[in-house]
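As a plain string of letters, each chain reads:
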Amino acid sequence: MNSLNTEKWNRILVRFLLAFSFWEAISIPLRMLFFAKFYFDPTLKSMFVPITDVFWLGPVFSDLTFTLAFGFLYALMKESLPPGLVGGFLVGILVSFIGFISPMVWTLSLTNFAPTVLVWVWVAYYSIFTISTAVIYSVGWNTED
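Predicted model only: the values in this text are computed from it and were never measured.

(A) Broad picture of the environment of W120. Position of W120 relative to the elements: it lies in helix α4 (residues 116-138). Assessed through its relative accessible area of 32%, W120 is described here as partly exposed. For the pair formed by W120 and I101, sequence separation is 19 residues and the distance between their alpha carbons is 8.3 Å. Those residues in contact with W120, other than ones at most four positions away along the chain, are I101, M104, V105 and L108.

Following this line, the structure appears as structure tokens:
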């Protein structure tokens, strides 16, 4: 495994900007699409705040830190992945499974802290985020280091 040299930093930062800007462009409509059903449910009304009361710095900062951290992770494991989109999809699916699906299966089997459908919609939302970020990081990454 090689260290992070200047060329790798440039690759990480360019792909970080692409992945972050892509995700921020589609995240708000995707959130509205995924969570609109639950927003109008009277039993879940206390879990959601109106869109005008959302402090948007929180979700944007969360997306920013995840995208940047995922870029570092992808750069460090790039040498051991299949090249191109296959590696991106593989990493995205594996990280989604390890980071979101498995913990939610375990948590829902022990507790019932939220409605099951809401939890799985949240998992699907972040899995799409992870897979799209991994694919963006994998596209065009030069394998000749």
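That was the structure; now back to the text.
(B) Structural context of the side chain of D63. Relative to the helices and strands, D63 resides in helix α2 (residues 57-77). For D63, the contacting residues outside a window of four places in its chain are F20, W23, E24, S27, R31 and F129.

(C) Region of the structure containing the confidence of the model for the protein. A residue-level look at the protein finds 90% of positions with pLDDT of 70 or above and a mean pLDDT of 82. Here helix α1 (residues 6-39) stands out as the least confident element of the protein, with mean pLDDT 84; α4 is the most confident, with 89.

(D) Spatial organisation of the nonpolar core. Core analysis: the largest hydrophobic core is formed by 16 residues, its most contacted members being W23, F35, F38, V119, V123, Y125 and Y126. Looking at this core, the elements with two or more residues in it are α1, α3 (85-110) and α4. Broken down by element, the residue count for this core peaks at seven residues, all from α4. Once residues lying within four places of it in the same chain are set aside, the contact partners of V119 are M104, L108, F113 and A114. Ranked by size, the runner-up nonpolar core spans ten residues in total, among them F70, L81, V91 and Y137.

The rules behind these values
Residues numbered from 1 in each chain as written. Predicted model: local features only at pLDDT ≥ 70, side-chain atom pairs only at ≥ 80, totals over all residues. Heavy atoms only, no water. Helix = DSSP H or I, 4+ residues; strand = E, 2+ residues; numbered from the N terminus. Buried < 20%, exposed > 50% of the residue type's maximum accessible area, 1.4 Å probe, protein only. Contact = heavy atoms within 4.5 Å. pLDDT = per-residue confidence, 0-100. Core = buried A, V, L, I, M, F, W, Y, C linked by side-chain atoms within 4.5 Å.

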